[in-house]
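As a plain string of letters, each chain reads:
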Amino acid sequence: MYHSNIKLIALDLDGTLLGSDSLVHESERQALQQARQNGVSIVLCTGRSVHDSLPHAQAAGGVDWIITENGARITSSDGETIYRHPLSVQHLKLLLELCEVHHVEPSFYGESCVWYGEQCRAFFDEIYRTTGRMPPIDMGNYRYIETREQWHMLAEKTVYKSIVYGDIADLDSWMQDMQETGAFESEPSIFCGLKNIEINAKGTNKGTALLYLAEHLGLTRKQVMACGDSDNDRKMLQAAGLGVAMRNAPAHIQNIANVVTDTNELHGVAKAIQNYVL
C-alpha cells in the first residue's frame, strides 16, 4: 500500500533503531542499507547531539541525514548543517531563572559539546546504581559547570536544547511554569527508567525539522515514513505520511500512529522497512 511512495525514512534512536543494549543490530543495518540502495534516504531523528549520534550512523552502515537535539539542527552525512533553530539568549536567561526558583538544573547542548552540572551527574550515577552500567554516551564531549555565574555566562552561547534534571515533584512544578510562558517546547522524557524534561525553543520539534528536510529534498509528506516510541516523537509521527509506532511505545504514542510495528528488541524497524518500503 505504501512502498511505492516512501522516499525518506526518519528513525528515532533510543527505543526504536537501537536495541535495549543501545546498539544497532544487524537486521536493522541490512534493512536500512537495502532501502538506501533502492533510492530511499535515511535520516536519524533524535534528541541526542550530533557527536552522540554519529557512532550509531556509522554502525547502521551510514545514513544520509541526522536531525539532532529534537529538531533544532539538521546535518548532512558530509557534515554540512542546513538548518538551525537554537534557543535565544532570552530563552536561556528565563530557563535559568526558573531552574533556580524550582531547585532544578539544566544541561545545555551546544555547537560541539554538552554543558552539565551536579544534578545531571547525580542522574547518571543513579542510572549506574540501578542498571550496573553508565549511560551510552561519550562523556569526553561533556563539560562540567560548577557555579551559577558559569551557567549564566552560557546564555551567550549557541544552545540547541536543554535537558533539566531534579526531583520529580520539582520537575513537574518547573514544567508547569515553563509551559505557561508559551516560549518553549517541553516534553517529559524517560531515560533508563528515570525522568527528565527536554526543552527547545517554541516551534522546534522533530516534526517541523522532518518536514523542512522533506521540502529541501523535494518530497511531500506522503513520501515520508517515521518510526518512534516516545513523547518527543509524537509530532514526527504526525508529520510523516506514514507514522510507525514501536510496540514498546506507550499506548498514547501507538494510538496516534498510522501503524504499529514490533518492539525494538524484536527488530520492529527492520520489519517496518520490509513491510512498508521494500
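Provided above is the structure to which this section pertains.
Residues numbered from 1 in each chain as written. Predicted model: local features only at pLDDT ≥ 70, side-chain atom pairs only at ≥ 80, totals over all residues. Heavy atoms only, no water.

**Quick look at the overall build of the protein**
Now for step 1: Check the secondary structure of the protein and you find eleven helices and 14 strands.
Now for step 2: What you see for the protein is a C-alpha radius of gyration of 18 Å, in line with the 19 Å of a compact globule of 278 residues.
Now for step 3: Structurally, the protein occupies a C-alpha span of about 55 × 40 × 35 Å along its principal axes.
Now for step 4: The burial tally for the protein puts 54% of its 278 residues in the buried class.
Now for step 5: In the protein, 62% of the contacts between residues at least 6 apart in sequence involve partners at least 24 apart.
Now for step 6: Summed over all atoms, the accessible surface of the protein reaches about 12000 Å², with 48% contributed by carbon and sulfur. (Helix = DSSP H or I, 4+ residues; strand = E, 2+ residues; numbered from the N terminus. Rg over C-alpha atoms; globule rule 2.2 N^0.38 Å. Buried < 20%, exposed > 50% of the residue type's maximum accessible area, 1.4 Å probe, protein only. Contact = heavy atoms within 4.5 Å. Areas by Shrake-Rupley, 256 points an atom, 1.4 Å probe, with all protein chains shown as cover.)

**Quick look at helix H8 (residues 206–216)**
Now for step 1: Turning to H8, its buried residues number three or more, namely Lys206, Gly207, Ala209, Leu210, Leu213 and Ala214. In a view along the axis of H8, the buried residues occupy a sector of 165°, so they form one face of it.
Now for step 2: Two or three places before glycine 207, at the start of H8, stands the capping residue asparagine 205, its side-chain oxygen 2.9 Å from that residue's backbone nitrogen.
Now for step 3: The first or second residue beyond H8 is glycine 218, which carries a positive phi of 75°. (Arc of directions from axis to C-beta. Polar contact = N/O pair within 3.5 Å; in protein donor to acceptor, adjacent residues only side chain to side chain.)

**So, the side chain of serine 53**
Now for step 1: By the secondary structure assignment, serine 53 is in helix H3 (residues 50–59).
Now for step 2: Of the polar contacts made by the side chain of serine 53, one reaches the backbone oxygen of serine 49; its length is 2.7 Å.
Now for step 3: Filtering out sequence-adjacent residues up to four positions away, serine 53 remains in contact with Leu13, Leu44, Thr46, Arg48, Ile66 and Thr68.

**Topic: the pattern of salt bridges**
Where charged atoms from two side chains of opposite charge approach closely, those side chains can pair.
Now for step 1: With the rule as written, the count across this model stands at 17 salt bridges.
Now for step 2: Residue aspartate 64 is joined to arginine 36 by a salt bridge in which the shortest nitrogen-to-oxygen separation is 3.1 Å. Taken together, the residues span a long stretch of sequence, with aspartate 64 in the loop between H3 and strand S3 (65–68) and arginine 36 in helix H2 (residues 26–37) at a distance of 28 residues.
Now for step 3: One network of salt bridges, in which partners are shared, links Glu69, Arg73, Arg84 and Glu111. (Salt bridge = Lys/Arg side-chain N within 4 Å of Asp/Glu carboxyl O.)

**Looking at the nonpolar core**
Now for step 1: One finds Ile9, Leu11, Leu17, Leu32, Met225, Val269 and Ile273 to be the most contacted residues of the largest nonpolar core, which totals 29 residues.
Now for step 2: Of all the secondary-structure elements, those providing two or more residues to this core are strand S1 (8–11), helix H1 (13–17), H2, strand S2 (41–45), strand S12 (224–228), strand S13 (242–245) and helix H11 (268–276).
Now for step 3: By residue number, the principal contributor to this core is H11, which donates five residues.
Now for step 4: Core analysis: the next-biggest nonpolar cluster, separate from the first, contains 25 residues, Leu87, Leu95, Phe184 and Ile199 among them. (Core = buried A, V, L, I, M, F, W, Y, C linked by side-chain atoms within 4.5 Å.)

**Observations concerning empty space enclosed by the protein**
Now for step 1: Inspection of the entire model under this criterion finds one cavity of 30 Å³ or more.
Now for step 2: Roughly 110 Å³ of volume is contained in the largest cavity.
Now for step 3: Taken together, 13 residues make up the lining of the largest cavity; nearest its centre are Asn70, Glu187, Thr204, Asn205 and Asn232.
Now for step 4: The set of elements that each furnish at least two residues to the lining of the largest cavity consists of strand S10 (184–191), strand S11 (194–201) and helix H9 (234–239). (1 Å grid on protein atoms, 1.4 Å probe; cavity = no way out; pocket = protein on both sides within 12 Å on 5 of 7 lines; lining within 4 Å. Points joined across faces, edges and corners; volume = space filled by probe spheres on them.)

**Thoughts on the layout of surface pockets**
Now for step 1: Considering only enclosed or pocket space, the second largest pocket measures out at about 220 Å³ in volume.
Now for step 2: Along its surface, the second largest pocket is lined by Gln119, Ala122, Phe123, Glu126, Tyr165, Gly166, Asp167, Ile168, Leu171, Leu194 and Lys195.
Now for step 3: For the lining of the second largest pocket, the secondary-structure elements that each account for two or more residues are helix H5 (118–131), helix H7 (168–181) and S11.
Now for step 4: Take the lining of the second largest pocket: its biggest share by element is four residues, from H5.
Now for step 5: Of the residues assigned to the lining of the second largest pocket, the class counts are six nonpolar, two polar and three charged. (Nonpolar A, V, L, I, M, F, W, Y, C, P; charged D, E, K, R; others polar.)

**Examining unusual backbone geometry**
Now for step 1: Of note in the backbone geometry, serine 22 takes a positive phi value of approximately 65° without being a glycine.
Now for step 2: With respect to the helices and strands, serine 22 occurs in the loop between H1 and H2.
Now for step 3: For serine 22, a relative accessible area of 11% corresponds to the buried category.

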